Amino acid sequence: MSPSVCLQEMIRVIRGARTQGEERGVIQRECAAIRAQFRQADSGGRSHNLAKLLYVHMLGYPAHFGQMECVRLIASSKYSEKRIGYLGAMMLLDEKQDASLLITNSIKNDLSHSSQHVQSLALCTLACMGSAEMCRDLAPEIERLLKASNSYIKKKAALCAVHIVRKIPELGEMFTPSAHSLLSEKNHGVLHGAVILITELCERNPDNLKQFRKSVPELVQIMKNLVTSGYSPEHNVAGISDPFLQVRILRLLRILGRNNDAASDAMNDLLAQVATNTDSSKTAGSAVLYETVLTIMDIRSESGLRVLAVNILGRFLLNNDRNIRYISMTSLQKIVQTDHTAVQRHRGTIVDCLKDQDASVKRRALELSLALVSAANIRSMMKELLLFLSTCPPELRSHAASGIFNAAERYAPSQRWHIDTILHVLVTAGGDVRDETVPNLIQLITAASELHCYTVHKLYRALISDIVQQSLVQVACWCIGEYGDLLLKGECEEITPMQVTEDDVLDALETVLQSHMSTPTSRGFALTAIMKLSTRITNNVDRIRSVVSIYGSCIDVELQQRAVEYNALFKKYDHMRYFTMSYCTVILEFGCRSRLSLVLGGRGLKAEHVSIIFDCKDNVYLYWFLLQSVQLQMKAPSGDLIPAQGCGTVTQTVLLSYTNKANLKMRVRLSYSSQGTACQDMVQIDSFPSPAWS
Amino acid sequence: MIKAILIFNNHGKPRLSKFYEHYTEDTEQQIIRETFHLVSKRDENVCNFLEGGMLIGGSDNKLIYRHYATLYFVFCVDSSESELGILDLIQVFVETLDKCFENVCELDLIFHVDKVHNILAEMVMGGMVLETNMNEIITQVDAQNKMEKSETFIFQSPRQDR
């Protein structure tokens with residue numbers, strides 16, 4: 001009875017199970033039987049028990065109790081048992097387990113076994129899961145096998161050596177001389193392994209680069225033989241002689257020729273020959289051609305050759321085969337930084353690929369398009385990118401949005417265009433933008449002072465049409481709070497005028513407050529905006545007062561805090577309210593339990609830094625923050641210039657975690673310069689509304 | 001480097017899973033599920049390359065796959081492998097399986113998964129491509145199978161003279 005029959009029987013039973021639960025039951029029974037048999041050390045069915053266990057492992061059931069059995073089977077003298085034992089070791093063991101150390105000795109013995117098949121098992125397992133200690137122990141053996149006469153063993157030893165070098169780079173020098181001599185082998189498998197080994201050695205250690213550059217003529221010769229040899233049935237794939245080996249050698253040549261004139265010269269002719277003569281009608285030829293192109297672009301090649309290379313890529317961009325289009329875009333991505341103008345010529349085709357049905361092609365096209373944006377083409381590219389954003393697959397949205405923001409920031413032809421672009425992105429994909437988009441946009445809007453009127457009108461219109469996109473809602477609320485007076489005035493040169501009453505504005509903000517689609521953050525923005533409007537409108541202050549007091553008993557704790565504090569401003573500090581709400585607003589949040597809204601006066605001053613001193617029993621917390629910079633817990637302020645006569649505010653949110661809540665006093669010191677003179681201002685709050693924290 | 005080789009059917013049931021880097025058992029199953037989820041969404045006439053897997057390798061990771069009848073063959077690779085080369089390698093793998101099993105079908109893979117592992121071990125080792133010549137692979141696999149059979153033959157019939 002061959003080992004697999006029992007396995008097949010079990011598989012049949014498992015497949016017969018009609019439900020997941022039934023399958024689990026079957027497998028549990030089998031595993032229990034296997035565990036019992038492992039304990040018996042019965043020599044007859046050991047290998048098929050392990051085979052069954054490995055099958056069960058593939059389906060996702062636990063199989064760790066088979067680890068010691070693997071160790072035992074590897075030590076057996078029978079080939080069939082060794083084979084399944086090693087397979088089990090590769091699947092169940094890893095360097096973190098102690099059991100893996102136990103097989104080191106078996107591997108060592110098997111590496112010198114008389115049968116090449118046993119040797120190959122040991123080599124395969126070492127290359128798959130050999131830990132650093134195992135590699136260190138066995139490296140001399142591998143080095144010896146590299147010089148063996150058997151090509152089958154040599155090729156496996158070469159890849160094993162690669163694994164060892166990856167685990168312990170210092171051992172690389174042990175393999176360098178053998179790697180050299182392997183290049184004169186005829187066997188393609190050995191050559192392939194040798195090239196991979198040399199590539200790994202060169203990538204790990206620049207000294208090896210110098211050494212192996214001497215092999216460039218040899219590599220070139222090997223390539224020439226492959227390219228010019230007649231039809232060789234052994235290695236032929238679609239008319240190309242061993243394309244896998246050709247691709248490997250081309251990659252190695254790339255590494256050797258990089259930044260080195262001599263090596264690059266030596267391979268110039270070969271690359272030209274391969275580039276012109278390779279038939280690319282099938283995948284194999286295309287693979288070789290692409291490697292050639294990438295190598296040409298990466299080394300110090302002649303300009304004529306470079307032009308040829310980029311033209312080849314351009315031709316492939318128009319190919320009907322989507323695989324080829326995808327690969328050509330991947331290749332163009334690699335050279336877009338160094339050969340920007342050459343790639344720009346293909347911008348049109350790349351932008352067309354944004355509309356391809358294939359999501360992979362779209363992704364490549366997006367990356368490349370973003371890399372090709374420049375000051376000259378920003379307007380047309382942005383049109384295409386925004387169009388793409390509205391139809392692109394959801395997994396690409398976030399990346400596209402942030403790419404658009406970056407491009408807009410770098411190349412915006414005007415502030416208005418910049419703001420329009422960001423608004424467009426927020427309307428289309430507001431749910432996929434990053435968190436810092438909101439404060440960044442606020443900062444941008446504040447800085448564009450001549451556009452405040454235009455911006456607030458646009459944002460108001462966006463808000464009343466749709467309140468789903470939270471980032472848009474937040475920015476709109478903030479803007480309306482800040483520039484509500486401009487909105488109510490009604491006139492704006494760049495937009496068709498729209499009559500907006502105080503009630504309309506308050507309605508819009510209250511809609512945000514009450515909508516179940518609004519997040520707590522958005523509600524916070526809306527409430528603050530309503531509060532700020534209390535100083536900018538004349539007729540509806542009572543309405544605002546009642547909204548604020550209603551939210552004083554809101555379930556949402558954050559909102560309740562805010563409302564209560566604003567209420568306090570109405571009641572106890574009403575004389576300060578106009579003074580304060582029209583100037584700089586600093587909202588401080590104490591972790592998640594209490595919040596203080598503190599507002600500071602500003603009189604057309606340029607604030608340089610604000611420090612906040614907290615007295616709390618014996619501890620004094622001192623925070624300095626420059627309005628231009630962002631501290632750890634503080635979000636970026638919206639600007640550093642507070643215009644005169646209450647025409648604007650600067651907002652900075654500070655989040656502090658604070659545990660001792662008793663007897664908190666707060667002093668806020670504002671240092672600024674006004675008309676060239678340095679000044680200081682201090683405000684002290686001695687008592688806080690007691691529900692301000694819990 | 002090849003990070004993993006997965007074969008699963010149109011319903012996501014794994015038929016072969018070989019990982020060349022260590023992951024916990026849970027992570028391995030998650031990877032299989034995520035890969036199936038990504039690959040099964042693809043249309044028939046799109047390209048064979050997929051990005052966007054979160055679990056293996058992140059941004060450097062690509063899935064290169066081929067769909068044959070009821071089976072998906074997926075290779076998870078990083079940027080050091082030639083994408084078109086891997087595509088050809090999948091083709092060589094399938095042709096080798098076809099030769100070894102004589103018109104291979106899904107049932108062959110189900111009931112002889114250990115044999116499939118043995119064939120794969122002659123092609124890819126430690127995450128690196130070892131041998132791409134189909135005849136060479138088959139020669140070695142046949143020799144190994146013969147060696148295994150000769151042992152069991154002795155085991156089964158101890159009285160027979162060799």
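This structure is a prediction, so every number in the text was calculated from the model and none was measured.

Asker: Please clarify how the overall build of chain A should be interpreted in this entry.
Answerer: Check the secondary structure of chain A and you find 33 helices and nine strands. Going through the 694 residues of chain A one by one, you find that 58% of them count as buried. In chain A, 65% of the contacts between residues at least 6 apart in sequence involve partners at least 24 apart.

Asker: What is the right way to look at the overall build of chain B in this model?
Answerer: Broken down by element type, chain B carries five helices and seven strands. The helix and strand sequence of chain B, counted from the amino end, reads β-β-α-β-β-β-α-α-α-β-β-α. Expressed along its principal axes, the backbone C-alpha trace of chain B runs to roughly 60 × 30 × 30 Å. Going through the 162 residues of chain B one by one, you find that 61% of them count as buried.

Asker: Help me understand the sheet that holds strand 4 (residues 62–68) of chain B, please; the structure alone is not making it clear to me.
Answerer: Sheets are built from strands that pair by backbone hydrogen bonding, the pairs being arranged parallel or antiparallel. Residues and elements named next belong to chain B. The antiparallel open sheet is built from five strands, whose spatial order is 2-1-5-4-3. The two strands at the open ends of the sheet, each matched to only one other strand, are strand 2 (14–19) and strand 3 (49–50). Note that strand 1 (residues 2–9) and strand 2 share five bridges and pair antiparallel. Bridged to A4 within strand 2 is F19.

Asker: Before we go on, may I ask you to explain the pairing of strand 2 of chain B in this structure?
Answerer: A regular strand places its side chains on the two faces of the sheet in alternate fashion. Burial runs high along strand 2 of chain B: six of the six residues are buried. Hairpin geometry of strand 1 of chain B and strand 2 of chain B is characterised by an intervening segment of four residues between the two adjacent antiparallel strands and by a positive phi of about 90° at G12(B).

Asker: Help me understand the interface of chain A and chain B in this model?
Answerer: Size of an interface, as often reported, equals the accessible area lost when the parts are brought together. Listed as interface residues are 73 residues of chain A and, on the opposing side, 62 residues of chain B. On the chain A side of the interface with chain B, the three residues burying the most area are M58(A), R83(A) and F244(A), jointly 12% of the side's total. Between the two partners, chain A and chain B, sit seven salt bridges. Class assignment of the residues belonging to the side of chain A that touches chain B gives a composition of 33 nonpolar, 21 polar and 19 charged.

Asker: Looking at this model, I keep getting lost on unusual backbone geometry. Mind explaining?
Answerer: Negative phi characterises most residues that are not glycine, and trans characterises most peptide bonds. Residue and element names in this part refer to chain A. A positive phi angle, close to 50°, is found at A238, a residue other than glycine. Tracing the backbone shows A238 in the loop between strand 1 (236–237) and strand 2 (240–241). Phi angles above zero are rare outside glycine, and D242 is one such case at about 45°. Residue placement: D242 occurs in the loop between strand 2 and helix 15 (243–257).

Asker: So what exactly am I meant to see when it comes to the side chain of E151(B) here?
Answerer: Of note, E151(B) is situated in helix 5 (residues 134–156). No salt bridge is formed by the buried E151(B); the nearest opposite charge belongs to K78(A), separated by 5.5 Å. One polar contact links the side chain of E151(B) to the main-chain amide nitrogen of S80(A), over a distance of 2.9 Å. Those residues in contact with E151(B) that sit more than four places away from it in its chain are S77(A), K78(A), Y79(A) and S80(A).

Asker: What is the right way to read the environment of I327(A) from this model?
Answerer: Examined against the element boundaries, I327(A) turns out to sit in helix 19 (residues 322–335). C-alpha of I327(A) to C-alpha of D504(A): the two residues are 177 residues apart in sequence and 55 Å apart in space. With sequence-adjacent residues up to four places away left out, I327(A) is seen in contact with Y290(A), F49(B), E83(B) and L84(B).

Asker: Whenever I open this one, the packing of helix 24 (residues 394–411) of chain A against helix 25 (residues 415–429) of chain A confuses me. Can you help?
Answerer: The angle between the axes and the distance between the axes are what describe a pair of packed helices. Residue and element names in this part refer to chain A. Relative to each other, helix 24 and helix 25 sit at 175°, their axes nearing to 10 Å. Put simply, helix 24 runs roughly antiparallel to helix 25. Residues R397, A401, I404, F405, A408 and E409 of helix 24 form the contact with helix 25, whose own contacting residues are W417, H418, T421, I422, V425 and A429. Grouping the amino acids of the contact of helix 24 with helix 25 by side-chain chemistry returns eight nonpolar, two polar and two charged.

Asker: When you look at the nonpolar core in this model, what are you seeing that I'm missing?
Answerer: Nonpolar side chains tend to gather and get buried jointly when the protein is soluble and globular. Ranked by internal contacts, the top residues of the largest apolar core, which has 252 residues, are Y55(A), I142(A), I2(B) and F93(B). Take this core: its biggest share by element is 11 residues, from helix 28 (residues 470–489) of chain A. The contacts of I2(B), once residues within four sequence positions are left out, are Y20(B), F75(B), C76(B), V77(B), E81(B), I86(B), L89(B), V124(B), G127(B) and V129(B). Grouped together as the second largest cluster of nonpolar side chains are 17 residues, F8(B), I31(B), I32(B) and Y72(B) included.

Asker: Quick question: what am I supposed to make of the pairing of strand 5 (residues 71–77) of chain B here?
Answerer: All names here are of chain B. Burial within strand 5 is extensive, with seven of its seven residues counted as buried. Of the two faces of strand 5, the one lined by L71, F73, F75 and V77 and the one lined by Y72, V74 and C76 are each fully buried. Relative to strand 5, strand 1 is paired through seven bridges, and the arrangement is antiparallel. Within strand 5, the residue paired with A4 across the bridge is C76.

Asker: How should I be thinking about the packing of helix 10 (residues 151–167) of chain A against helix 11 (residues 172–182) of chain A in this particular structure?
Answerer: All names here are of chain A. Orientation of helix 10 relative to helix 11, taken along the N-to-C sense of each, is 150°, at an axis distance of 11 Å. Here helix 10 is positioned roughly antiparallel relative to helix 11, judged by the angle of their axes. Helix 11 is crossed by helix 10, and the crossing has left-handed handedness. Residue-level contacts link K154, A158, A161, I164 and V165 of helix 10 to G172, F175 and L182 of helix 11. Broken down by class, the residue content of the contact of helix 10 with helix 11 amounts to six nonpolar, one polar and one charged.

Asker: Which parts of the structure should I look at to understand helix 30 (residues 520–533) of chain A?
Answerer: Along an α-helix, residues three or four apart share an orientation, since each turn contains 3.6 residues. With 14 residues, helix 30 of chain A extends 20 Å from end C-alpha to end C-alpha; this agrees with the ideal 20 Å at 1.5 Å per step. Among the residues of helix 30 of chain A, S522(A), R523(A), G524(A), A526(A), L527(A), T528(A), A529(A), I530(A), M531(A), K532(A) and L533(A) are the ones counted as buried.

Asker: I'm lost on helix 17 (residues 283–298) of chain A in this one. Help?
Answerer: Counted at 1.5 Å a residue, the expected span for helix 17 of chain A with its 16 residues is 22 Å, and the 23 Å between its end C-alpha atoms agrees. A large share of helix 17 of chain A lies buried, amounting to 14 of its 16 residues.

Asker: Explanation requested: the confidence of the model for chain A in the structure shown.
Answerer: In low-pLDDT regions, the fine details of the predicted coordinates are not to be read closely. All names here are of chain A. Averaged over chain A, the pLDDT score is 80; the fraction of residues at 70 or greater is 81%. Low pLDDT, under 50, characterises residues 579–635; the predicted model gives this stretch 204 contacts beyond four residues in sequence or across chains. Low confidence marks residues 654–664, where pLDDT is under 50. Its contacts with residues over four positions away, or in another chain, come to 36 contacts.

Asker: Would you explain the packing of aromatic side chains in this entry?
Answerer: Two aromatic rings are characterised by how far apart their centres lie and by the angle between their planes. Here the structure, examined in full by the defined rule, presents nine aromatic pairs over all chains. Where W478(A) meets Y483(A), the ring centres are 5.9 Å apart and the plane angle is 90°; that geometry is what we call edge-to-face. The interplanar angle of 70° and the centroid separation of 5.8 Å between the aromatic rings of F19(B) and Y23(B) together place this pair among those described as edge-to-face. The pair formed by F19(B) and Y23(B) is uniform in burial state, with each residue classed as buried. Against the face of F65(A) rests R35(A), its NZ or CZ located 4.4 Å from the ring centre.

Asker: Where do I start with the environment of T446(A) in this structure?
Answerer: Residues and elements named next belong to chain A. With respect to the helices, strands and loops of the structure, T446 is situated in helix 26 (residues 437–447). Given a relative accessible area of 14%, T446 falls into the buried group. A C-alpha to C-alpha distance of 9.0 Å links T446 and C479, two positions 33 residues apart in sequence.

Asker: Hey, could you run me through the side chain of R83(A) in this one?
Answerer: You can see R83(A) is positioned in helix 5 (residues 79–92). Polar contacts involving the side chain of R83(A) include one to the side chain of Q144(B), which spans 2.9 Å. Of note is the side chain of R83(A), whose polar atom sits 2.6 Å from the side chain of E148(B). Apart from the residues lying within four places of it in its own chain, the contact partners of R83(A) are L121(A), N118(B), Q144(B), N145(B) and E148(B).

Conventions and cut-offs
- Throughout, residues of each chain are indexed from 1 in the direction in which the sequence is written.
- Here the convention is simple: chains get letters from A, ligands get numbers from 1, in the order in which they are written.
- Per-residue local features are limited, in this predicted model, to residues with pLDDT of at least 70; the limit for side-chain atom pairs, both in listing and counting, is 80 or more; totals at the level of whole chains, interfaces and linings are taken over all residues.
- Excluding hydrogens and water, the side-chain figures rest on all heavy atoms present in the structure.
- The helix and strand labels rest on DSSP assignments: H or I over at least four residues marks a helix, E over at least two residues marks a strand, and numbering proceeds from the N terminus.
- Here the term buried applies to any residue with accessible area under 20% of the maximum for its type, exposed to any over 50%, and partly exposed to those in between, with areas from a 1.4 Å probe on protein chains only.
- We call two residues in contact whenever any of their non-hydrogen atoms come within 4.5 Å of each other.
- Being paired, for any two strands, means DSSP has found at least two bridges between them.
- Here the quantity called buried area is the total loss of accessible area, with a 1.4 Å probe, experienced by two parts when brought into contact, counted for both.
- Take a side-chain nitrogen of Lys or Arg and a carboxyl oxygen of Asp or Glu: if they are within 4 Å of each other, that pair is a salt bridge.
- Throughout, the ten residues Ala, Val, Leu, Ile, Met, Phe, Trp, Tyr, Cys and Pro are labelled nonpolar, Asp, Glu, Lys and Arg are labelled charged, and all others, Gly among them, are labelled polar.
- Note on charges: Lys and Arg go in the positive column, Asp and Glu in the negative column, and His and the chain ends are not counted at all.
- Think of a polar contact as two N or O atoms within 3.5 Å of one another; within protein, one of them needs to be a possible hydrogen donor and the other a possible acceptor, and neighboring residues in sequence only count if both atoms come from side chains.
- Every axis in this analysis is a line fitted to C-alpha atoms, fitted for helices over the stretch in contact. Angles between the N-to-C directions lie between 0 and 180 degrees.
- Here roughly perpendicular refers to angles of 65 to 115 degrees, roughly parallel to angles under 35, roughly antiparallel to angles over 145, and oblique to all remaining angles.
- Throughout, nonpolar core names a set of buried Ala, Val, Leu, Ile, Met, Phe, Trp, Tyr and Cys residues whose side chains join them through atoms within 4.5 Å.
- For a crossing to be left-handed, the near helix must be turned anticlockwise from the far one by less than a right angle; the clockwise case is right-handed.
- Expected span, for any helix, means 1.5 Å times one less than how many residues it has.
- What pLDDT reports is the predictor's confidence in each residue, on a scale of 0 through 100.
- Only rings of Phe, Tyr and Trp enter the pairing, Trp through its six-membered ring, and a pair is recorded when the two centres are within 6.5 Å. The plane angle decides the type: under 30 degrees is stacked, over 60 is edge-to-face, the rest tilted.
- In this scheme, Lys NZ or Arg CZ marks a charge over a ring once it lies within 6 Å of the ring centre and within 35 degrees of the ring normal.

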